[in-house]
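In case you want the letters, here they are:
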Amino acid sequence: QGGMGSVYRGFDVALRREVAIKTLPLLQEYEGPEQAAIAERFFQEAEAVGRLDHPNIVTVYDAGKEHDLAYIAMDYAQGISLDKYCTKDMKLPIIIVTRIGQKIANALAYAHRKSVVHRDVKPANIIYDGESGSLKITDFGIASLIDDNKTRTGTLLGTPSYMSPEQVAGEKVDGRADIYALGVSLYQLLTGQLPFVGDTLANLMYQITNTRQKDITEIRPELGECLNKVINKAMEKDPEERFQTGDELAKALRQCELEFTR
């Protein structure tokens, strides 16, 4: 269960496959105009992900409404969410994190080319199977379709710790906000801690917009200068100073990986 309803593991009897079914009980949870707005956001997820066909992004099979229940059926991703590997005692090997980062970056680049910005990239929204190496980006629940009028400004949607400065400020965002969020996610996967932590939301937002993060090499020197530069560039305050595409970030991570495999 999450902020947008419940997710069930189900079975598609026609196509003989396991699926994940995200549901939203509209009448139970919401009333009047709010119900319509929440339903629109829910189906916007289906519309956003329905545009995407990528091995590292969940596939939507069906969406609809039965009485007061809205639902989206999507592929069932094997594995666990990456937030399980974000503590000092439960970190993945450095080279695995660089490979995971490349896959996510390339998948986001694909989504951005299709005019879909995720807007809530974080380890909890990435399902990873250590045995097979498979990886899926999930939960496009607040994705924005940047080629239509639904992109809103002034609305704080997403998880604050991973938000870019422009997202925190309520400005319109593009794919570079996802690049920033991936930078934060990789920072956490590599060091076991978030770059910014505030005792209040206001304090956290101030740090995101005004404070420079500690270098990852200060926390773990063995991470090396290549990864340090990549993470810092991904997390630049000014979107113009970041990697401009996920493919650029993936290429930079690949160079770092080569340094670790020499």
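All of these numbers come straight from a predicted model, not from anything done at the bench. (Residues numbered from 1 in each chain as written. Predicted model: local features only at pLDDT ≥ 70, side-chain atom pairs only at ≥ 80, totals over all residues. Heavy atoms only, no water.)

Undergrad: Would you mind going over the sheet that holds strand β7 (residues 126-128) with me for this structure?
TA: The pairing of strands in a sheet happens through backbone hydrogen bonds and is either parallel or antiparallel. In space, the three strands of this open sheet follow the order β5-β7-β8, with antiparallel pairing throughout. Each edge of the sheet is formed by a strand with only one pairing partner; in this case those strands are β5 (80-81) and β8 (135-137). Of the strands in this sheet, β7 and β8 are in contact with helix α3 (residues 94-113), which crosses β8 at around 45°. (Pairing = 2+ DSSP bridges. Helix = DSSP H or I, 4+ residues; strand = E, 2+ residues; numbered from the N terminus. Contact = heavy atoms within 4.5 Å. Axes fitted to C-alpha atoms, helices over the stretch in contact; angles between N-to-C directions.)

Undergrad: Help me understand the packing of α3 against helix α9 (residues 246-261) in this model?
TA: Packed helices, taken two at a time, are described by the angle their axes make and the gap between the axes. Relative to each other, α3 and α9 sit at 165°, their axes nearing to 8 Å. If you check the angle between α3 and α9, you find them roughly antiparallel. At the point where α3 passes α9, the crossing takes the left-handed sense. Counting all contacts with α3, which are made through Ile94, Ile95, Thr98, Arg99, Gly101, Gln102, Ala105, Asn106, Ala109 and Arg113, the residues of α9 involved are Gly246, Asp247, Leu249, Ala250, Leu253, Arg254, Glu257, Phe260 and Thr261. Along the lines of polarity and charge, the residues of the contact of α3 with α9 split into eight nonpolar, six polar and five charged. (Parallel < 35°, antiparallel > 145°, perpendicular 65-115°, else oblique. Left-handed = near helix turned anticlockwise from the far one by under 90°. Nonpolar A, V, L, I, M, F, W, Y, C, P; charged D, E, K, R; others polar.)

Undergrad: Would you mind showing me how to read the pattern of salt bridges here?
TA: Pairing between side chains of opposite charge can happen when their charged atoms approach one another. Using the criterion set out here, one finds 13 salt bridges in the structure. Between Glu257 and Arg99 there is a salt bridge whose closest N-O contact spans 2.9 Å. A residue pair is termed long-range when its members are at least 10 positions apart, and Glu257 in helix α9 and Arg99 in helix α3 qualify at 158 residues. Overall, the relative accessible area of 37% leaves Arg99 in the partly exposed class. Look at the salt bridges and you will find they share partners, linking Arg99, Arg254 and Glu257 into a network. (Salt bridge = Lys/Arg side-chain N within 4 Å of Asp/Glu carboxyl O. Buried < 20%, exposed > 50% of the residue type's maximum accessible area, 1.4 Å probe, protein only.)

Undergrad: Would you mind showing me how to read α3 here?
TA: Because an α-helix packs 3.6 residues into every turn, residues spaced three or four apart end up facing the same way. Here α3 contains 20 residues, and its C-alpha end-to-end distance of 29 Å stays within 8% of the 28 Å for a straight helix at 1.5 Å per residue. With 14 of its 20 residues buried, α3 lies for the most part within the structure. (Expected span 1.5 Å × (residues − 1).)

Undergrad: What should I look at first to understand the nonpolar core in this one?
TA: Within soluble globular proteins, side chains that are nonpolar generally end up buried alongside one another. Counting residues in hydrophobic clusters, the biggest one holds 62 residues, and the most contacted among them are Ile57, Leu82, Ile104, Leu182, Leu190, Leu227 and Leu249. If we skip the residues at most four places from it in the chain, Ile104 touches Leu82, Ile126, Leu135, Ile137 and Leu182. (Core = buried A, V, L, I, M, F, W, Y, C linked by side-chain atoms within 4.5 Å.)

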